[in-house]
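One-letter residues, chain by chain:
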Amino acid sequence: MQVAVIGTGYVGLVSGACLADLGHTVVCVDVDAGKIEALERGIIPIYEPGLEELVSRNDEAGRLRFTTDLSAAVADAELVLIAVGTPARRSDGHADLTYVRSAVRAIASAVARPTIVVVKSTVPVGTGDDLEQIAAAINPQAGITFVSNPEFLREGSAIKDFMFPDRIIVGVEDEAARARMAELYAPLVSGGARIIFTSRRTAELTKYAANAFLALKISFINEIADLCEHVGGNVKDVAHGIGLDSRIGLQFLNAGPGFGGSCFPKDIQALVKTGHDYGSPLRLIETTITVNEQRKRAMARKILRACGNSVWGKRIAVLGLTFKPDTDDMREAPSITIVQTLVDNGAVVRGYDPVGMEQAKEVLPPIEYAGDPYEAVEGADAVVLVTEWNEFRTLDLDRIRQAMRGRAFIDLRNVFDQSVLEAAGFSYHGVGIAKRRAGPVIVEAAA
Ligand code: NAD
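This write-up is about the structure you can find in this document. Bear in mind the structure is a predicted one, so any value in this text is a computation, not a measurement.

Definitions and limits used
Residues numbered from 1 in each chain as written. Predicted model: local features only at pLDDT ≥ 70, side-chain atom pairs only at ≥ 80, totals over all residues. Heavy atoms only, no water. Near = heavy atom within 4 Å. Polar contact = N/O pair within 3.5 Å; in protein donor to acceptor, adjacent residues only side chain to side chain. Areas by Shrake-Rupley, 256 points an atom, 1.4 Å probe, with all protein chains shown as cover. Helix = DSSP H or I, 4+ residues; strand = E, 2+ residues; numbered from the N terminus. Nonpolar A, V, L, I, M, F, W, Y, C, P; charged D, E, K, R; others polar. Expected span 1.5 Å × (residues − 1). Buried < 20%, exposed > 50% of the residue type's maximum accessible area, 1.4 Å probe, protein only. Arc of directions from axis to C-beta. Axes fitted to C-alpha atoms, helices over the stretch in contact; angles between N-to-C directions. Parallel < 35°, antiparallel > 145°, perpendicular 65-115°, else oblique. Left-handed = near helix turned anticlockwise from the far one by under 90°. Contact = heavy atoms within 4.5 Å. Disulfide = S-S within 2.5 Å.

## A word on the site of the ligand
- Near the ligand there are 26 residues, and of these Val11, Asp30, Lys35, Thr86 and Lys266 occur at the shortest range.
- Glu155 is positioned such that a nitrogen or oxygen atom in its side chain is 2.9 Å from a nitrogen atom of the ligand.
- Separating an oxygen atom of the ligand from a side-chain N or O atom of Lys266 is a distance of 2.7 Å.
- Within the complex, the protein chains bury 88% of what would otherwise be the 840 Å² of accessible surface of the ligand.
- Of all the secondary structure elements, the ones that give two or more residues to the shell around the ligand are α1 (10-21) and α5 (98-110).
- The greatest single-element share of the shell around the ligand, amounting to three residues, is contributed by α5.
- Grouping the amino acids of the shell around the ligand by side-chain chemistry returns 10 nonpolar, nine polar and seven charged.

Set out below in structure tokens:
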């Protein structure tokens, strides 16, 4: 099929390259001329494992090209995918649909025949209906049909997630569009992927419900981690113990510094707004937002405590800055709150991240940066592991310890066992791992 993808960011570029690899002919469009020019020269603007090779293979095969010319790209396309950003609106936190609407106006002005437009961007329930009206007002003759096909890929494993999805959700109100969507994904479905057709509104809501549930799961285990520290438990064992229950599942049960990234924070905020708009409040999700914000600050306080309640003038090494490993994305990364709090409290922070340092420099307060973890910890009073990049799992702990001035190791991702760090001479501070068994707190009921 001839496919045009509007928006060549994480989702658009990965989807475009994967669809080309499945045999479709894809043109990726972006308004960012610099990005398109770089892609034409084989330079991938984001860090995503395997993407460079995938793009170059399909480029050479003539199935993938890049352009800023939206009109020409959509004129020949059988399917037009929209994958532009939907950030949080500044005024009220709801999804900002400016880019989506602008793409739809441009598509509607450019097409001369019936066209199927597939919204991959995460958009609030009812957006497909609004877009249909916008397109019909601009070009009533063209007969533009809107489909919701939310994307569930994760940065860092985006290609695998696209090629081997847990499910493909397609919200469609029209039989012809349904048949075209089945054709688009036929190579994945024949390989075993499940495709679920729903109404368009259901598909739009499914994406938000998925992200909200995962965010809730993270906040849940973070609160259990706090309780573990008070009652003398180990959150890793609790997570394993509950996660092996197939009704619960092991994923997203790693206690840590809270969730961040380009999706969860903005999406759950938008879902809460939708709930308010429809008079159907989502109290669990509202609480999740609060719990997660407090979480990041609580982790900063944990570091302060580990440093004797003051970091004034102390050198702190921060390992891992991106919101999760295998991405260079710094959007809403917990490291932002943590580093800012340390700097505000007078610490001298030296950060290191395997791929996200340039992006980090744009959002963190001025700090020192190191070329590797060993340089980062040189003379440090404490080391804080914020993002669990694989390269940190094989750190030479003796070398780290010797390079440091102090011995506090604050492992906010529970990468290391307490016994391993203590054997290497560190004073250990994990998340949700009690040092010793505490007695219960007895609260007497008031008379
Ligand atoms: P992104 O910011 O990385 O990329 C968006 C791209 O769209 C940018 O390159 C921008 O220049 C381009 N753009 C904006 N307006 C345009 C227009 N009118 N025409 C052409 N190009 C235009 O965004 P992203 O992370 O890929 O996210 C895209 C959507 O997918 C969002 O709704 C997001 O919530 C959703 N999503 C993202 C992820 C993820 O992991 N990043 C996962 C699932 C869903």
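## A few points about α5
- End to end, α5 covers 18 Å across 13 residues, agreeing with the expected 18 Å (1.5 Å per residue, within 8%).
- Among the residues of α5, those classed as buried are Val100, Ala103, Val104, Ile107, Ala108 and Ala110. Burial along α5 is one-sided: seen end-on, the buried residues are contained in an arc of 165°.

## Some thoughts on the packing of helix α10 (residues 200-231) against helix α11 (residues 235-243)
- Direction vectors running N to C along α10 and α11 enclose 135°, while the axes themselves pass 9 Å from each other. Judged on the interaxial angle alone, α11 and α10 are oblique. In this structure, α10 crosses over α11, and the sense of that crossing is right-handed. On α11, the residues that touch Phe220, Ile221, Ile224, Ala225 and Cys228 of α10 are Val235, Val238, Ala239 and Ile242.
- In the contact of α10 with α11, the residues fall into nine nonpolar, no polar and no charged.

## Observations concerning the state of the cysteines
- Enumeration over the complete set of coordinates arrives at zero disulfides.
- In this model Cys28 remains outside any disulfide bridge; the closest cysteine sulfur is found in Cys18, 10 Å from its own.
- Judged by its relative accessible area of 0%, Cys28 falls in the buried class.

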